[in-house]
Amino acid sequence: MAAAKPDSKPFFSLESYHVSEELGFILPDPLEELPPYYQPWMDIALRVPELVHSHELRFHINKMPQLSSQFLLKHRELRLAHLALSVMTMGYTWQEGENDTVEMLPHNLAVPYWEVSQRLGLPPILTHSDAVLANWRKKDPEGPFDMENLELLLSLPGGDSTQGFFLVTLLVELAAVTALRNIPTVINGVRVGDTETVARALEDISQSIQDMKDKLKLMQVYVEPSVFYGIMRIYLSGWRDNPSMPNGLVYEGVQAEPMEYSGGSAAQSSLLHCFDELLGVKHEAKSGAFLTRMRDYMPPAHKLLIQDISLQSSLKSFVQQQASERLNQAFQHCVENLLALRSYHINVVSRFITVPAARARQLRNQSLELEAEMISRAPTALEERGTGGSGIMTFLKTVRDQTKDTLLPETDK
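Residues numbered from 1 in each chain as written. Predicted model: local features only at pLDDT ≥ 70, side-chain atom pairs only at ≥ 80, totals over all residues. Heavy atoms only, no water.

Asks: Just to check I follow, could you spell out the overall build of the protein for this structure?
Replies: Secondary structure assignment for the protein yields 18 helices and four strands. The buried share among the 413 residues of the protein stands at 56%. Sequence separation of at least 24 residues holds for 79% of the intrachain contacts in the protein that already meet a minimum separation of 6. For the protein, the exposed area adds up to about 18200 Å²; of that, 50% sits on carbon and sulfur atoms. (Helix = DSSP H or I, 4+ residues; strand = E, 2+ residues; numbered from the N terminus. Buried < 20%, exposed > 50% of the residue type's maximum accessible area, 1.4 Å probe, protein only. Contact = heavy atoms within 4.5 Å. Areas by Shrake-Rupley, 256 points an atom, 1.4 Å probe, with all protein chains shown as cover.)

As C-alpha cells, then:
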C-alpha cells in the first residue's frame, strides 16, 4: 500500500444526508394516504389522468376547498402532499395542451402548494424527487422490488407508458445504491491513503453504474415512444425556458408576479451529480450552470451531500499519485462506465424525443395527422428541448464529452 499523508478531517458518512442504506435516495415506504382532512386533494390527485382526458380537471380544482397545510406534521406526509399537489398542478396547467395554458394557479391550490414546498425545501412544481423517489408502492409488501411488483401512487396521462417511465427510473435509482454506499469508503480511504480500500470501493461503484445502464434499457420494454412524446411529455414540462408559457405562472395568493420553474429532468437525480463530484468531472459554463440549477430541485439534504463531496480531496489526483495499477484501472473503469451510461442516455433520448419529433414534423408538413395523431399533436415548443428546458441533445453530448475528459491519460506500458 502506497504511503500518503493522512487527512485529519472527521469520518465521512451518509448518515446525515437522508440516504437510505437499502434504497439510496429513494424515499423508504412512502405514505399512500394523507390524514382524512386532506381527502379532497387525494380524491382529485388520484383521478388526474381521467379528469384531464374528460377536460374536467380545471373545473374540479377550481371548486376544491381551501385547506391549510398546518396539519401535515411528518416528512412522509409532506412528501405525499407535495406529490399530490404537483400532479394536480401539472394536469391543471397542461390540460388543454400547449395552446391553451393558464396564467394563474388558483389560490386553493397555489397557497398550500407553496407552503408545503417551503417546508420541504423543494420548488412548487413536479420534480424527480416527487414523481420517482416518493411515488411508489409494492403490490406485495413482502415481494421483490421489481417492475412486476411495483406501481405508482399517483400518475399523469399516458397510461402504462407513464407508469413504465417512472418505475424504470426508480429501478435505475435502486441500481445505484451500492455505488452510493461506497462513496464514503472512497473518501475515507483517500484521507488515510488506503489504496486497496479505495480500489475495491471504486470497483463496486463501477459495477453499480453498469447496473444502472442495464436497468435503463428497460425503457425500451415498458415505454412506448409515441405515447411518451405525444401524450406524456408535456406534463413533465415547466414554465421556464418554455415558449408555451413565456411569462411563467402566477401562484395566486403567493405573489402577484409570475414565477418560473423548470420541468422534470434526469438532471434532477442526485446520482450523476455525486459521481461527477467524486470522480472530478468538470462541466463547462453553460452545461455546468444548468446542472447546478437542477440541484435546487432536489431535497436539500441530497443537494448538501453533492456539495460536501465536491469539497473533498481530489480522488483523481490521489489515483495519479499512487503506484497502483489496480487503483488506476478501477478509476478508469468508473469513468468509462459513467461515459457509457451517458452515451446510452443519449440513445434513449434519440429514440423517445428526436425520432418522434422528426416524425411529428413530417406528419404536420404532409397533413397526415390521421396516420399518427398522437405524435402530430405533440407540443411543437418542446421539439428541440428537454422538459427541464435545456437544448437537450447539445446539452447531453456536451456533458458526455466532458465526462470523457476525466479519463486518465494514456501511459506507455
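Asks: Whenever I open this one, the packing of aromatic side chains confuses me. Can you help?
Replies: For any pair of aromatic rings, the description consists of the separation of the ring centres together with the inter-plane angle of the planes. For the structure shown, the criterion picks out ten aromatic pairs. With 6.0 Å between their ring centres and 25 degrees between their planes, phenylalanine 12 and tyrosine 17 make a pair best called stacked. For the pair phenylalanine 12 and tyrosine 17, a shared accessibility class is recorded, and that class is buried. A centroid spacing of 6.0 Å and a plane angle of 85 degrees characterise the contact between tyrosine 251 and tyrosine 261, whose relative ring orientation is edge-to-face. Of this pair, tyrosine 251 sits in strand β4 (residues 250–251) while tyrosine 261 sits in the loop between β4 and α12 (270–279), placing them ten residues apart in sequence. With respect to burial, tyrosine 251 and tyrosine 261 carry one shared label: buried. Stacked on the ring of tyrosine 92, the Lys or Arg arginine 58 has its end atom at 5.8 Å from the ring centre. (Phe/Tyr/Trp six-rings, centres within 6.5 Å; stacked < 30°, edge-to-face > 60°. Lys NZ or Arg CZ within 6 Å of the ring centre and 35° of its normal.)

Asks: Help me understand helix α4 (residues 75–94) in this model?
Replies: Because each turn of an α-helix spans 3.6 residues, side chains separated by three or four positions end up pointing in the same direction. Taking 1.5 Å of rise per residue, the 20 residues of α4 would be expected to cover 28 Å, and the 28 Å separating its terminal C-alpha atoms lies within 8% of that figure. The buried fraction of α4 is high, at 18 of 20 residues. (Expected span 1.5 Å × (residues − 1).)

Asks: Looking at this model, I keep getting lost on unusual backbone geometry. Mind explaining?
Replies: Leaving glycine aside, a negative phi is the common case for residues, and trans is the common case for peptide bonds. A positive phi angle, close to 55 degrees, is found at histidine 18, a residue other than glycine. With respect to the secondary-structure elements, histidine 18 resides in the segment before α1 (39–45). The class for histidine 18 is exposed, based on a relative accessible area of 57%. Of note, aspartate 29 is a non-glycine position whose phi angle comes to about 45 degrees, a positive value. As for its position among the elements, aspartate 29 is in the segment before α1.

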